[in-house]
Amino acid sequence: MLNVSLLPHTLEVMSVARTHFREALSLLSSLIEDELFIGSVDSASDALSSTLRSGGKILCCGNGGSMSDAMHFAEELSGRFRNDRPAYAAIAISSPAHITCVANDYGFEKIFSRGVEALGKPGDILLAITTSGNSPNIIEAARSAKSKGMKVVALSGKDGGKLAQESLADYEIRVPWEGYSDRIQEIHIKCIHAIIDSIEISLAS
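Now for a description of the structure that goes with this document. (Residues numbered from 1 in each chain as written. Predicted model: local features only at pLDDT ≥ 70, side-chain atom pairs only at ≥ 80, totals over all residues. Heavy atoms only, no water.)

**Quick word on the nonpolar core**
Consideration 1: Grouped together as the largest cluster of nonpolar side chains are 33 residues, with contacts concentrated most on I58 and F73.
Consideration 2: If you tally residues by element for this core, the top one is helix 8 (residues 181-204), at seven residues.
Consideration 3: What I58 contacts, discounting residues up to four positions off in sequence, is L48, L52, F73, L77, A89, A90, I91, I125 and L127.
Consideration 4: Within the second largest apolar cluster, 21 residues are counted, among which are C61, I111, V116 and A145. (Core = buried A, V, L, I, M, F, W, Y, C linked by side-chain atoms within 4.5 Å. Buried < 20%, exposed > 50% of the residue type's maximum accessible area, 1.4 Å probe, protein only. Helix = DSSP H or I, 4+ residues; strand = E, 2+ residues; numbered from the N terminus. Contact = heavy atoms within 4.5 Å.)

Following this line, the structure appears as structure tokens:
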């Protein structure tokens, strides 16, 4: 027998879900037709592929959900994505021991830049993920990468924030969305998968 008391709540939840899906579809549809945006993804893919082909490595960083994306990106390259192939050199700066040590001794804004300082070298590339472009620890990581002679690929959003203002990214994939950051993160993970696929195809040829 149908519990009528649950029906309004169920309809409300369904409506929220539909709103999320429609909003995501609208943003995705607009970006598919944006040649500058697609070009930025292709350019970043080429740069990351070139780094790996020449013997360099990719360092990745992000906060919260963006850290999860950075870790996902790195493990898909050192492990596998779609095809069997050699492991590729990608490291997410995500060790809890490193993060808490640096945050305690130098401040939270240094947690990624110290990792870049320790592991980065000329010819490497940093993938910096920030939905706002304003995360202080991401800004510091990009500055550190530039000082080490590394290139920087940024996955950003909104107007690009301070990362764009300081021209810290050699390659920027910016999601021009002014709403909640979850929409930007959803596009970021689509970009990540497209980039990994592109890397696998490029390095296999």
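From this point on, the discussion continues.
**Some points on the environment of I129**
Consideration 1: Within the fold, I129 resides in strand 3 (residues 125-129).
Consideration 2: Sequence separation between I129 and L155 is 26 residues; the distance between their C-alpha atoms is 4.7 Å.
Consideration 3: Beyond its immediate chain neighbours, meaning those up to four positions away, I129 contacts C61, G62, N63, S66, D69, A70, I138, L155, H188 and I192.

**Digging into the sheet that holds strand 1 (residues 58-62)**
Consideration 1: Taken in spatial order, the five strands make up an open sheet running 2-1-3-4-5, and their pairing is parallel. If you trace the sheet from one side to the other, it starts and ends with strand 2 (90-92) and strand 5 (171-175), each paired once. Strand-to-strand, the axes of this sheet are offset by a mean angle of 15 degrees, without reference to chain direction.
Consideration 2: In the sheet, strand 3 pairs with strand 4 (residues 151-157) via five bridges, with the strands oriented parallel. Pairing of L127 across the sheet is with V153, part of strand 4.
Consideration 3: In this fold helix 2 (residues 35-53) packs onto strand 1, strand 3, strand 4 and strand 5, with an angle of close to 140 degrees to the strand it touches most, strand 5. (Pairing = 2+ DSSP bridges. Axes fitted to C-alpha atoms, helices over the stretch in contact; angles between N-to-C directions.)

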